[in-house]
Amino acid sequence: MLKTTLATIFLIATTAQVQAEMTLKHGFYLSKSAGSIDADISGKHQDFSAFTGTNPEDITEKNARIYDGKISNARSFGYNLRYTPKVGFGYELGLYFTKIKMPTQNAALIHDDGSAFKAFAPNGNIIDVVVKSPSSHITTTDLYLGGLYNFTTVDKITPYVGLGYAKVKGNWHQSYYRGTPGGVGYGQSGKTKIDGHYVSAKAGVNFKENYNLELEHAKHKLHADAFRSFNINGSDSEFNRTSVNLIINF
């Protein structure tokens, strides 16, 4: 992956020297999420609906999903490389480092048919499975490749639009399976590896030649090797992120 990235940068830089109408710009990238973010988490989960404490053979594995899990904040920073004409199509490459925070929240497990997971309470009643999920955070390295289209500059302001794809790898911290769901210390230690990608669309403006301000909307899909009580085969997470980006060229 690193060799491919370096080869791409070298090719862009070499071509830029040949084609004078294209401009190569390096930049420092900052990004912050705007508004609320909801994440759906799915995977295999143990179903305790028939478990009374003496029949462990009746504990089964079923598909489960948590809808609208909360993400409190997502921020990124890194390096951005752009190869663009004054008007027309160009390219950008980014190497970004992202941190995504999730606050403490109640999580209800749902079957594929939309019904709630059930369990026996200590008093013998059957109740919905709702777990107080502890806070956690994700850190990733994102390799981004995108296309841009610059419109005509007016009063030293150049509007543009873009589409892109990023490969994502990292860790989900304070997330690994430990203890009993809802118990003391549950899920509050360790980390698990994650990988995935996101696709995005953006609109922005370049002003004073060296500053870019963007509004970007991205759809993320991530897979965790193991995540708390989704310890059977890991979990898949999906969320949409709208962010405000600032790129300072140098």
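Definitions and limits used
- Residues numbered from 1 in each chain as written.
- Predicted model: local features only at pLDDT ≥ 70, side-chain atom pairs only at ≥ 80, totals over all residues.
- Heavy atoms only, no water.
- Phe/Tyr/Trp six-rings, centres within 6.5 Å; stacked < 30°, edge-to-face > 60°.
- Helix = DSSP H or I, 4+ residues; strand = E, 2+ residues; numbered from the N terminus.
- Buried < 20%, exposed > 50% of the residue type's maximum accessible area, 1.4 Å probe, protein only.
- Pairing = 2+ DSSP bridges.
- Contact = heavy atoms within 4.5 Å.
- 1 Å grid on protein atoms, 1.4 Å probe; cavity = no way out; pocket = protein on both sides within 12 Å on 5 of 7 lines; lining within 4 Å.
- Points joined across faces, edges and corners; volume = space filled by probe spheres on them.
- Core = buried A, V, L, I, M, F, W, Y, C linked by side-chain atoms within 4.5 Å.
- Salt bridge = Lys/Arg side-chain N within 4 Å of Asp/Glu carboxyl O.

Asker: Tell me what's going on with the packing of aromatic side chains, and back it up with residues and numbers.
Answerer: Each pair of aromatic rings is reported with the distance of its centres and the angle of its planes. On inspection of all chains with the given rule, the structure shows 10 aromatic pairs. Their ring planes at 35° and their centres at 5.6 Å tell us that Phe77 and Phe97 sit as a pair that is tilted. Residue Phe77 is found in strand β4 (residues 73-85), and its partner Phe97 is found in strand β5 (residues 88-102); the two are separated by 20 residues along the sequence. Residue classification places Phe97 among the partly exposed positions, given a relative accessible area of 36%.

Asker: Before we move on, can you summarise the pairing of strand β14 (residues 235-249) with the specific residues and values?
Answerer: As defined by bridge partners, strand β1 (residues 22-33) adjoins β14 across 7 bridges and the pair is classed as antiparallel. Bridging across to β14, Phe28 finds its partner in Ile248. Of the strand pairs in this sheet, strand β2 (residues 37-47) and β14 are connected by 5 bridges, and their pairing is antiparallel. Within β14, the residue paired with Ile41 across the bridge is Ser237.

Asker: Provide a residue-level description of the environment of Lys156, including the pertinent values.
Answerer: Topologically, Lys156 is positioned in the loop between β10 (136-150) and β11 (157-173). When the C-alpha positions of Lys156 and Phe207 are compared, they lie 6.1 Å apart, and in sequence the two are 51 residues distant. Those residues within four positions of Lys156 in sequence are excluded, and the remaining contacts are Asn206, Phe207 and Lys208.

Asker: Can you explain empty space enclosed by the protein? Please cite residues and give values.
Answerer: In the structure shown here, the tally under the stated rule is 3 cavities of 30 Å³ or more. Lining the largest cavity are 28 residues, and of these Ile41, Ile66, Ser133, Phe227 and Arg228 lie nearest its centre. Mapped by element, the contributors of at least two residues to the lining of the largest cavity are β2, β3 (60-71), β5, β6 (105-108), β9 (130-133), β10 and β14. At 4 residues, β3 tops the list of elements feeding residues into the lining of the largest cavity. Put simply, the second largest cavity is a space of about 80 Å³. Considering the residues around the second largest cavity, the lining is formed by 13 residues, among which Tyr29, Tyr198, Glu216, Arg241 and Ser243 are closest to the centre. For the lining of the second largest cavity, the secondary structure elements donating two or more residues are β1, β5, β13 (211-224) and β14.

Asker: Can you tell me about the nonpolar core, naming the residues and giving the values?
Answerer: Of all hydrophobic cores here, the largest spans 32 residues; its most connected members are Ile71, Ile100, Ile138, Trp172, Tyr198, Phe230 and Phe239. Of all the secondary structure elements, the ones that give two or more residues to this core are β2, β3, β5, β10, β11, β12 (191-207), β13 and β14. If sequence neighbours within four positions are ignored, Phe239 has contacts with Ile37, Asp38, Ala39, Ile71, Ile100, Ala218, Lys219, His220 and Leu222.

Asker: Quick one: what's the story with the pattern of salt bridges, residue by residue and with numbers?
Answerer: Scanning the model with the defined rule gives 7 salt bridges in all. For Asp47, the salt bridge is made with Lys62, and the minimal N-O distance between the two is 3.5 Å. Remark: Lys62 occurs in strand β3 and Asp47 occurs in strand β2; sequence separation between them is 15 residues. Taking the relative accessible area as the measure of exposure, Asp47 reaches 2% and is therefore buried. On the basis of relative accessible area, Lys62 is assigned to the partly exposed category, the value being 37%. With its nearest N and O atoms 3.1 Å apart, the salt bridge here joins Arg82 to Glu92. Taken together, the positions of Arg82 in strand β4 and Glu92 in strand β5 put the pair 10 residues apart, joining distant regions of the chain. Side by side, Arg82 and Glu92 carry an identical accessibility label, which is buried. When salt bridges with common partners are traced through the structure, they connect Arg82, Glu92, Lys202 and Glu214 into a single cluster.

Asker: Explain unusual backbone geometry residue by residue, including any values.
Answerer: Although it is not a glycine, Asp155 adopts a positive phi angle of roughly 50°. Its relative accessible area of 71% is what places Asp155 among the exposed residues.

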